[in-house]
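# Residue-level structure breakdown
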Protein chains: 2
Amino acid sequence: MKATKYMEAKMIKGGGVTSAQGFQAAGVACGIKPRGEKDMALIVSDVPAGAAATFTTNLVKAAPVKVSMRHMGNGKIRGVVINAGCANACTGVGGIADAKAMVEHAAKELGTKPREWLVCSTGRIGNRLPMPQVRKGIEKAAAKLGAKNGAEAAKAIMTTDTRRKEFAMRFKVDGRKVTIGGMAKGAGMIHPNMATMLCVITTDASIDRAALKSCVDDAVEQSFNRISVDGDTSTNDTVIVLANGLSGTNLLKSYHPQFDLFKKTLTHVMRKLARMIVEDGEGITRVVDVVIKGAANAQEAKLAALAVAKSELIKTSWTGGDPNWGRIMAALGYSGARVREEMVEIFYDGLLAVVNGQPSKTPLVKLRKLVRKPKFTITIHLHSGMGEYSILTTDLTEEYVRINKGE
Amino acid sequence: MKATKYMEAKMIKGGGVTSAQGFQAAGVACGIKPRGEKDMALIVSDVPAGAAATFTTNLVKAAPVKVSMRHMGNGKIRGVVINAGCANACTGVGGIADAKAMVEHAAKELGTKPREWLVCSTGRIGNRLPMPQVRKGIEKAAAKLGAKNGAEAAKAIMTTDTRRKEFAMRFKVDGRKVTIGGMAKGAGMIHPNMATMLCVITTDASIDRAALKSCVDDAVEQSFNRISVDGDTSTNDTVIVLANGLSGTNLLKSYHPQFDLFKKTLTHVMRKLARMIVEDGEGITRVVDVVIKGAANAQEAKLAALAVAKSELIKTSWTGGDPNWGRIMAALGYSGARVREEMVEIFYDGLLAVVNGQPSKTPLVKLRKLVRKPKFTITIHLHSGMGEYSILTTDLTEEYVRINKGE
């Protein structure tokens, strides 16, 4: 039933942050990144848009996060200015001034008010932005704004990402087409609450502010808060959703018959983007769904899932294609969840590996084959209650170390 | 004052688990490890010894841990039998039977009672012990017992360790020599509460059982519970201290004038062994003391220290010799400790890198030089209270991944 209903939304091939009506974007190079790659993006709505956002839970917040959080209280939003190559974090009052200058400059270029702008930065922590370049970049991007430039913007926000991340879907509300599309960047510092990730989603849906906020919070919880690459939560994580209403439908409120469809599609778009972030994690060779079932409660299921998803020993065993479930048993044992060793079952893609806390009769060679696949699911049943949780994680490779040890 | 008093104990060059009077050991190869290395050790006291032990906090406990925990309630202990190459964990009732058979066989060989024996195993989880080999190994070791074989035993308990870990000290109580010496193994799965580590310490001190237990608990908290290599807590961690009283001193109780000296020396021996474990961590190239000062309280200081000591991003930056303090700021921010960004100071070996949450004037080249050293100390002052904590950790290298991805 759920699946059928869900099919009402269709993926837009090549879709992204400018798929919804009335959004324009640009992505240009302005010299923040050392090698001349694109590093400045603008996303602009033709009309003021309703906005909802989620920011990093890290107590050390980057300057753009602080500025955007404040601007979220201003009501409607016209645009988002984003730079890559410098996080503008741990930069003190000077950094705040720089983030403010970014929104002021973008607003001036587009003839809007600074308070209608949000700002994001991503890159190394502790460096100040090269403001002359940033200003030039904003001017250059403003001159290049277009409704087909989503991909350019998605490219400009990349750091160690190897490919851009875009996804969009379309469905009908009140007989009119509604589109939700977005872009994201990820790569390292990826962990719940949230990842070193930025995500901007645009929609032409007409939706009540409070309803949008609740949809976004739920969708983030089901997507970006359930991925882990390296267990580090960054200072800059931001998810922004802009809804400009240009689809011309009635206002979506919680009692609207298509409200659920909107929410499901938004969640799906975020889950797709979240999965793209994990699949493009730094140096990874495996993407693993870790599913906990039968924990004493949901909180303990989460503890168990996080312990498995974060264990360096488990992640490196996957790298080697080693179904080393013993390390999973050890991680469960220290996770903080109530675990009774003799009750534990572990499945690799549905294949029983551990039963009653001991090796099953499944031949090791079969499990090895599975763990050599680029994607698989590990399902762990604790048989202690009804608590469930799942998280998407990766292996840990020599390449991850190589990428992150450099300056 | 403390330092002076402490100098009363002297290191014994080449000392180890047989340095104290009345202890014999042996280390032999019996075919558990695939390549014929030593894999079976015995430690025996000539007379029944008082014993104190600390075991893994992991809820998934290996069979030998369960058996040893039970035997600790039996009173005096005569010996410890240890195998490497197989953890005998997640092996069900069969594994328990095997661990019991090990103590029975060792007791029979030495003409003592099984209940006077402890047992440890270390190696891969999920495999049963090859019992015929284990029995032969115990017989072989029993035949080779000697008061100069501490090094052999220390070699036999190694897994991915690259060198054996032994340390001993001597001091005077009531005019008589008292010795504390021990051996340990570590390498991977190293994290507080505790590491994949085994440690056996022997002393000829004459000490009250309750006093010994409290000394051991405190010393473990100051040593093995303050090291981290990869953040994984193992199923087999065990620290055993045997005190046989053969030094002939009066009984050490808490009001004895030399009681403090005993306790300090025991702590020092454990800290030395703990540091050896970290220095021999899998693939490591840096040993880093992380010191938190000025946290709101001790608990938050611990949270902050653990977040820094466990961060993959911080550890890989050390590997590259990169003083990437921005990643430390991020880790502090998500640690769970109350952190006010603008109050944070970070020092590398006393050199100020961050002040008021922003880069100091110290040239980056100076910090780089420090982070390229094999050992350094990072001191973080949160300026929020009096909470302090320190932990010893390492970097994270490609070599760690290589070691742990293999089967």
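Residue positions within a chain follow its written sequence, with the count starting from 1. Labels follow written order: the first chain is A, the first ligand is 1, and so on. Local features in this predicted model are restricted to residues whose pLDDT is 70 or higher, and side-chain atom pairs enter the listing and the counts only when it is 80 or higher, whereas totals over whole chains, interfaces and linings include all residues. Only hydrogens and water are removed before side-chain values are computed, so all heavy atoms of the structure are retained for them.

### Some points on helix H9 (residues 312–319) of chain A
Residues and elements named next belong to chain A. Test applied: Note on exposure labels: buried denotes an accessible area under 20% of the residue type's maximum, exposed denotes more than 50%, and partly exposed covers the range between, all computed with a 1.4 Å probe on protein chains only. Helix numbers and strand numbers start at the N terminus; a helix is a DSSP run of H or I with at least 4 residues, a strand a run of E with at least 2. Two N or O atoms count as a polar contact when they lie within 3.5 Å, although within protein this holds only if one can serve as hydrogen donor and the other as acceptor, and sequence-adjacent residues are included solely when both atoms are side-chain atoms.
Counting buried residues along H9, 8 of its 8 residues qualify, which places the element largely inside the surrounding structure. Backbone nitrogen of Leu313 and a side-chain oxygen of the N-cap are separated by 3.2 Å at the start of H9; the cap is Ser311. Positive backbone phi, approximately 65°, marks Gly321, located one or two places after H9.

### Re the sheet that holds strand S11 (residues 345–348) of chain B
In sheet architecture, strand pairing relies on hydrogen bonds along the backbone and comes in two forms, parallel and antiparallel. All names here are of chain B. Applied cut-off: The pairing criterion for strands is at least two bridges between them, as found by DSSP. Contacts are assigned to residue pairs that have any heavy atoms within 4.5 Å of one another. Fitting a line to C-alpha atoms yields each axis, with helices limited to the stretch in contact; the angle taken between N-to-C directions then spans 0 to 180 degrees.
With mixed pairing, 6 strands are arranged side by side in an open sheet as S13-S12-S11-S14-S10-S15. Whereas interior strands pair on both sides, the edge strands pair on one side only; in this sheet they are strand S13 (358–359) and strand S15 (387–394). In this structure, S11 lies alongside strand S12 (residues 351–355), joined through 3 bridges in antiparallel fashion. Across the sheet, Ile346 pairs through a bridge with Val354, a residue of S12. Of the strands in this sheet, S11, S12 and strand S14 (375–381) touch helix H11 (residues 364–371), which is tilted by about 115° from S12.

### Some details on the confidence of the model for chain A
Selection rule: Every residue is assigned a pLDDT by the predictor, reflecting its confidence on a scale from 0 to 100.
Here chain A averages 90 in pLDDT, while 94% of its residues score no lower than 70. The model gives residues 1–5 of chain A a pLDDT under 50, and that stretch makes 4 contacts with residues more than four places away or in other chains.

### Thoughts on the relation of the copies chain B and chain A
For clarity, the threshold we go by: Copy-to-copy superposition: least squares on the C-alpha atoms, limited to residues that have pLDDT of at least 70 in both copies.
Placing chain B over chain A gives an RMSD of 0.0 Å and needs a rotation angle of 180°, together with 0.0 Å of translation along the axis. Both chain copies can therefore be described as sitting about a two-fold axis. Proximity to the rotation axis, assessed at the C-alpha, singles out B:Glu398 in chain B; its C-alpha lies 2.2 Å from the axis. Take the interface residues of chain B: 100% of them recur as interface residues in chain A, which is what a same-surface contact looks like.

### As for unusual backbone geometry
Only a minority of non-glycine residues have a phi that is not negative, and only a minority of peptide bonds are not trans. All names here are of chain B. At Asn88, a residue that is not glycine, the phi angle is positive and equals roughly 45°. With respect to the helices and strands, the residue Asn88 is situated in the loop between strand S4 (77–84) and helix H3 (92–110). Phi angles above zero are rare outside glycine, and Asn356 is one such case at about 55°. Relative to the elements of secondary structure, Asn356 occurs in the loop between S12 and S13.

### Concerning the interface of chain B and chain A
To be explicit about the condition: Note on terms: buried area is the combined drop in 1.4 Å-probe accessible area of two parts once they are placed together, counting the loss on both. Every case where a carboxyl oxygen of Asp or Glu lies within 4 Å of a side-chain nitrogen of Lys or Arg is listed as a salt bridge. Each residue is assigned to one class: nonpolar for Ala, Val, Leu, Ile, Met, Phe, Trp, Tyr, Cys and Pro, charged for Asp, Glu, Lys and Arg, and polar for all the others, Gly among them.
Tallying the contact residues gives 58 residues for chain B and 59 residues for chain A. Between chain B and chain A lies a buried interface of about 4,700 Å² when both sides are counted; carbon and sulfur atoms form 52% of it. Counting across the interface, chain B meets chain A through 6 salt bridges. Across the pair A:Arg124 and B:Asp322 runs a salt bridge, and its minimum N-O distance is 3.1 Å. Every element with two or more residues in the side of chain B that touches chain A is listed here: H3, helix H9 (312–319), helix H10 (325–334), S13 and helix H12 (398–405) of chain B. Among the elements that take part in the side of chain B that touches chain A, H10(B) stands out by supplying 7 residues, more than any other. Looking at the side of chain B that touches chain A residue by residue, the classes come out as 19 nonpolar, 21 polar and 18 charged.

### Structural notes on the packing of helix H6 (residues 209–222) of chain B against helix H7 (residues 259–279) of chain B
All names here are of chain B. The line we're drawing: For classification purposes, angles smaller than 35 degrees are called roughly parallel, those larger than 145 roughly antiparallel, those between 65 and 115 roughly perpendicular, and all remaining angles oblique. Crossing handedness is read from the near helix: turned anticlockwise from the far helix by less than a right angle, it gives a left-handed crossing, and turned clockwise, a right-handed one.
Interaxial distance between H6 and H7 falls to 9 Å at its minimum, and their mutual angle equals 40°. When the interaxial angle is binned, H6 and H7 end up oblique. Note on packing geometry: the crossing formed by H6 with H7 is right-handed. When H6 is examined against H7, the residues Ala211, Leu212, Cys215, Val216, Asp218, Ala219, Val220 and Gln222 are found in contact with a partner set consisting of Phe259, Phe262, Lys263, Leu266, Thr267, Met270 and Arg271.

### Section: the pattern of salt bridges
Charged atoms that come close allow side chains of opposite charge to pair. A complete count under the given rule lists 35 salt bridges over all chains for this structure. Residue A:Glu37 is joined to A:Arg35 by a salt bridge in which the shortest nitrogen-to-oxygen separation is 4.0 Å. According to the relative accessible area criterion, A:Glu37 is partly exposed, its value standing at 32%. When the shortest N-O distance is used, the salt bridge between B:Asp161 and B:Lys165 registers 2.8 Å. Like B:Asp161, the residue B:Lys165 is buried in the burial classification. Several salt bridges share partner residues, and in doing so they unite A:Asp161, A:Arg163, A:Lys165 and A:Asp280 into one network.

### A few points about the packing of H9(A) against helix H10 (residues 325–334) of chain A
Residue and element names in this part refer to chain A. Interaxial distance between H9 and H10 falls to 9 Å at its minimum, and their mutual angle equals 160°. Between H9 and H10, the angle falls in the class roughly antiparallel. Relative to H10, H9 is oriented so that their crossing is left-handed. Contact residues: Leu313, Ile314, Thr316 and Ser317 in H9; Arg327, Ile328 and Ala331 in H10. Across the contact of H9 with H10, the residue classes break down as 4 nonpolar, 2 polar and 1 charged.

### Let's talk about the side chain of B:Asp161
Residues and elements named next belong to chain B. Checked against the element boundaries, Asp161 lands in the loop between helix H5 (150–156) and strand S6 (165–173). Under the relative-accessibility criterion, Asp161 is labelled buried at 6%. Of the polar contacts made by the side chain of Asp161, one reaches the side chain of Lys165; its length is 2.8 Å.

### Quick notes on the packing of aromatic side chains
We count it as follows: Stacked, edge-to-face and tilted labels apply to pairs of Phe, Tyr and Trp rings (six-membered ring for Trp) whose centres lie within 6.5 Å, assigned for plane angles under 30 degrees, over 60, and everything in between, in that order. Criterion for a charge above a ring: Lys NZ or Arg CZ within 6 Å of the ring centre, and within 35 degrees of the ring normal.
The final tally for this structure, using the stated rule, is 2 aromatic pairs over all chains. We note A:Arg226 situated over the ring of A:Tyr389; from NZ or CZ to the ring centre the distance is 4.0 Å.

### With respect to the pairing of strand S5 (residues 117–122) of chain B
Residue and element names in this part refer to chain B. We apply this condition: Call a crossover right-handed when, viewed with both strands pointing away from you, the route from the first strand across the helix to the second goes clockwise.
When you tally the buried positions in S5, you get 6 out of 6 residues, the bulk of the element. Residues Trp117, Val119 and Ser121 point to one face of S5 and Leu118, Cys120 and Thr122 to the other, with burial holding for every one of them. Here S4 runs beside S5; their pairing, made up of 6 bridges, is parallel. Within S5, the position partnered with Asn83 by the bridge is Ser121. Note that the unit made of S4, H3 and S5 has a crossover that is right-handed.

### Some points on the sheet that holds strand S14 (residues 375–381) of chain A
Residue and element names in this part refer to chain A. Across the sheet, 6 strands lie side by side as S13-S12-S11-S14-S10-S15; this open sheet has mixed pairing. The open sheet is flanked by strand S13 (358–359) and strand S15 (387–394), the only strands paired with a single partner. Sheet strands touched by helix H11 (residues 364–371): strand S11 (345–348), strand S12 (351–355) and S14. Its angle to S12, the strand with the most contacts, is close to 115°.

### Some thoughts on the environment of B:Lys148
Residue and element names in this part refer to chain B. As for its position among the elements, Lys148 is in the loop between helix H4 (131–143) and H5. According to the relative accessible area criterion, Lys148 is exposed, its value standing at 80%. A sequence separation of 179 residues divides Lys148 from Arg327, and the C-alpha atoms of the two residues are 48 Å apart.

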